[in-house]
Amino acid sequence: MSLPAAEQVAETRAAPPRTGIGRYLAARAGGAAISMLLVVVLGFFLFRLIPGDPVRTITAGRPVTAEQVEAIRRQLGLDQPVWVQFGKYLSGLASGDLGWSFVYNKPVAQLIADYLAPTLLLTGTAFVLSVTLGLWLGQKAAWRRGGWFDQSQTAIALVFWSVPTFWLGLLLLLIFAGGLRLFPSGGMVTAGAQLSGFALVADIAWHLVLPALTMTAVIYAQYLMVMRASVLEEMDADYLVTARAKGLTEDRVRTRHAVPNALLPTVTLIFVNFGFLIGGAVTVETVFSWPGLGYLTYQGLSTPDLPLLQGTFVVFSAVVIAMNLAADIAYRFLDPRLRTV
């Protein structure tokens with residue numbers, strides 16, 4: 001009776017310490033808060049390095065005197081020292097005020113709220129399509145390793161992955177909007193059309209095809225490659241041999257055993273990519289004149305509209321940080337090995 005007890009004590013001492021979920025969440029939330037603080041500081045000073053005078057840009061082409069230029073500068077608060085502007089920026093953020101847009105003459109928070117829905121529609125559609133397509137092709141390619149399907153799909157995905165987003169968008173515009181005239185060249189709805197109900201939904205979907213296709217084509221390769229590598233690692237596992245010995249077909253062995261175990265590494269990629277997808281919408285929305293946050297950011301860069309750029313930068317960064325935090329939390333529950341870290 002004494003020997004098993006001793007072995008149990010030894011196993012208990014040898015086992016790695018388990019970290020409480022509360023401590024784990026607090027550590028991750030603290031890291032996210034520090035990252036957000038750095039983003040706020042970096043965003044404020046980074047955009048002040050952009051060449052160009054907002055007041056000169058706003059008054060360009062208008063007969064204004066030097067006194068009027070200085071009056072506008074005082075009105076916008078640009079005559080104050082940088083540290084004073086930074087203090088007002090921080091106090092505004094603390095109360096949820098992102099500032100006042102120089103160009104649109106509106107609160108930045110209201111502008112972001114107005115332009116957020118089109119960005120979520122575009123990035124959400126591209127996200128669902130890319131994840132579904134990438135994971136499906138990835139597990140199919142791995143199961144047929146070395147075959148024509150594996151080689152062709154891997155090559156196609158890598159080609160799209162290596163293509164610059166703006167170049168692919170312009171190419172699709174040239175072919176499908178300019179040459180074949182199958183889709184509109186820009187915007188979210190047909191200009192001047194008084195549409196409602198299903199006709200409006202169909203018109204938005206028609207305008208959504210090319211920008212969503214561009215984003216999907218560029219990012220689905222990441223899911224394909226990760227899923228393919230994960231399934232390849234599982235293919236020699238003993239439990240698959242056992243499943244085959246039970247008489248299961250190859251499709252059932254793949255879908256019921258190999259794929260569920262191979263999904264774990266893609267969880268982090270899915271969460272992180274969604275954050276970067278929203279931030280990366282600037283290029284696609286600019287090419288297709290899609291009225292989202294990315295297009296709004298592009299408009300802010302041309303002035304430069306400092307409060308608007310700071311606001312969109314904070315929002316984009318907050319989404320990325322939140323998605324990283326969600327990935328850490330999800331991984332904690334999905335991977336038992338992390339519960340002892």
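Calculation rules
Residues numbered from 1 in each chain as written. Predicted model: local features only at pLDDT ≥ 70, side-chain atom pairs only at ≥ 80, totals over all residues. Heavy atoms only, no water. Phe/Tyr/Trp six-rings, centres within 6.5 Å; stacked < 30°, edge-to-face > 60°. Helix = DSSP H or I, 4+ residues; strand = E, 2+ residues; numbered from the N terminus. Buried < 20%, exposed > 50% of the residue type's maximum accessible area, 1.4 Å probe, protein only. Lys NZ or Arg CZ within 6 Å of the ring centre and 35° of its normal. Polar contact = N/O pair within 3.5 Å; in protein donor to acceptor, adjacent residues only side chain to side chain. Contact = heavy atoms within 4.5 Å. Domains from an automatic or database assignment. Salt bridge = Lys/Arg side-chain N within 4 Å of Asp/Glu carboxyl O. Expected span 1.5 Å × (residues − 1). Bend = angle between axes of the 7 residues up to and from the residue. UniProt positions renumbered as here; feature names shortened; annotations may be inferred. Patch = residues over 30% accessible without salt bridge, like charges linked within 9 Å, V, L, I, M, F, W, Y side chains within 5 Å. Areas by Shrake-Rupley, 256 points an atom, 1.4 Å probe, with all protein chains shown as cover.

A. Looking closely at the packing of aromatic side chains. Using the criterion set out here, one finds 6 aromatic pairs in the structure. Both rings, one in Phe 44 and one in Tyr 89, keep their centres 5.4 Å apart while their planes meet at 25 degrees; by these two values the pair is stacked. Pair noted here: Phe 44 is in helix α2 (residues 21–47) and Tyr 89 is in helix α5 (residues 82–94), with a separation of 45 residues, a long-range link. Taken individually, Phe 44 and Tyr 89 each receive the classification buried, so the pair is uniform in this respect. On the basis of an interplanar angle of 85 degrees and a centroid distance of 6.0 Å, the ring pair of Trp 148 and Phe 149 is categorised as edge-to-face. You can call Trp 148 exposed: its relative accessible area is 68%. A network of ring pairs unites the aromatic residues Phe 44, Phe 45, Phe 86 and Tyr 89 as a single cluster. Arg 48 extends its terminal NZ or CZ atom over the ring of Phe 44, reaching a point 3.8 Å from the ring centre. Directly above the aromatic system of Phe 149 lies the positively charged group of Arg 144, at a separation of 5.3 Å from the ring centroid.

B. Seen up close, the side chain of His 207. Its location among the elements puts His 207 in helix α9 (residues 197–234). Judged by relative accessible area, which is 5%, His 207 ranks as buried. A polar contact is formed between the side chain of His 207 and the backbone oxygen of Asp 203, at a distance of 2.8 Å. Not counting residues within four places of it along the chain, the set of residues in contact with His 207 comprises Pro 184, Gly 186, Gly 187, Met 188, Val 189, Thr 190 and Trp 290.

C. Geometry of the domain arrangement of the chain. The domain boundaries assigned to the chain delineate domain 1 (21–99) and domain 2 (106–334). Just the C-alpha atoms count here: the centres of domain 1 and domain 2 sit 31 Å apart. On the domain 2 side, the residues contacting the 24 residues of domain 1 number 23 residues. Where domain 1 meets domain 2, there are 1 salt bridge. Between Asp 328 and Arg 28 there is a salt bridge, and its shortest N-O distance comes to 3.6 Å. When contributions to the side of domain 1 that touches domain 2 are tallied by element, the ones reaching two or more residues are α2 and α3 (54–58).

D. Region of interest: helix α6 (residues 108–143). Between the first and last C-alpha of α6 there are 50 Å, a value that for 36 residues agrees with the 52 Å anticipated at 1.5 Å per step. Along its length, α6 shows its largest kink, about 35 degrees, at Leu 116, and proline Pro 118 lies within four residues downstream of that point.

E. Here's a closer look at the UniProt feature "transmembrane region" (unreviewed entry) in the chain. The residues that UniProt annotates with the feature "transmembrane region" (unreviewed entry) are residues 25–47, 115–137, 158–184, 204–226, 262–288 and 308–331. Secondary structure over residues 204–226 splits into 100% helix and 0% strand, and the C-alpha atoms at its two ends are 33 Å apart.

F. The arrangement of a nonpolar patch on the surface in detail. Where nonpolar side chains cluster on the molecular surface, the patch consists of Leu 37, Val 41, Phe 45 and Val 82 and spans about 320 Å² of accessible area. With 3 residues, the top contributor of residues to the nonpolar patch is α2.

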